[in-house]
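One-letter residues, chain by chain:
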Amino acid sequence: MMRKFFVTVFAANRRALINLGDYHLDLFQATAKASENDEFTIEGLLTLAEIERLVEGGYRVLVEEESAKRARATQEVTGFPD
């Protein structure tokens, strides 16, 4: 299984942020935002190879932590009475 990392991707402008869709990555659309200095960011869950592709494409990527290190939500099953 490929290791994935939680990341923040920095795009130089709105167009660069939109162009991230061409990469077909696991980015969290709800986290897209513009900073005070007109830099755009979005968070995601990427492999090292995907991070490398973005960096080669001119994006800055901040690697937060490996996905396996974050606690997974516990699964609880609840039944409904008939």
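What counts and what doesn't
- Residues numbered from 1 in each chain as written.
- Predicted model: local features only at pLDDT ≥ 70, side-chain atom pairs only at ≥ 80, totals over all residues.
- Heavy atoms only, no water.
- Phe/Tyr/Trp six-rings, centres within 6.5 Å; stacked < 30°, edge-to-face > 60°.
- Lys NZ or Arg CZ within 6 Å of the ring centre and 35° of its normal.
- Helix = DSSP H or I, 4+ residues; strand = E, 2+ residues; numbered from the N terminus.
- Buried < 20%, exposed > 50% of the residue type's maximum accessible area, 1.4 Å probe, protein only.
- Contact = heavy atoms within 4.5 Å.
- Core = buried A, V, L, I, M, F, W, Y, C linked by side-chain atoms within 4.5 Å.
- Pairing = 2+ DSSP bridges.
- Axes fitted to C-alpha atoms, helices over the stretch in contact; angles between N-to-C directions.

*Asks:* When you look at the packing of aromatic side chains in this model, what are you seeing that I'm missing?
*Replies:* For any pair of aromatic rings, geometry is given as the distance between the ring centres together with the angle between the planes. Tallied over the entire structure, the rule returns 1 aromatic pair. Looking at Arg-60, its charged tip hangs above the ring of Phe-10, at a distance of 4.4 Å from the centre.

*Asks:* I tried to follow the side chain of Thr-47 on my own but got confused; where do I start?
*Replies:* Along the chain, Thr-47 turns up in strand E3 (residues 40–47). Look at Thr-47 and you get buried, because its relative accessible area is 6%. The contacts of Thr-47, once residues within four sequence positions are left out, are Met-2, Arg-3 and Lys-4.

*Asks:* Explanation requested: the nonpolar core in the structure shown.
*Replies:* Considering soluble globular proteins, one finds that nonpolar side chains tend to be buried as a cluster. One finds Val-9, Leu-20, Leu-27, Leu-46, Leu-54 and Tyr-59 to be the most contacted residues of the largest nonpolar core, which totals 16 residues. Residue assignment for this core shows that the elements contributing at least two residues are strand E1 (4–11), helix H1 (14–19), E3 and helix H2 (48–56). If you tally residues by element for this core, the top one is E1, at 4 residues. Discounting chain neighbours no more than four positions away, the residues touching Leu-46 are Arg-3, Lys-4, Phe-5, Val-7, Val-9, Leu-25, Asp-26, Leu-27, Ile-51 and Leu-54.

*Asks:* It is not clear to me how the sheet that holds strand E4 (residues 60–66) should be interpreted in this structure. Could you clarify?
*Replies:* Pairing between the strands of a sheet comes from backbone hydrogen bonds, and it takes one of two forms, parallel or antiparallel. Across the sheet, which stays open at both edges, the 4 strands sit in the order E2-E3-E1-E4 with antiparallel pairing between neighbours. Edge strands, defined here as strands with exactly one partner in the open sheet, are strand E2 (27–34) and E4. Between one strand and the next, the sheet's axes are offset by a mean angle of 25°, whatever the strand orientation. Pairing of E1 with E3, which is carried by 8 bridges, proceeds in the antiparallel orientation.

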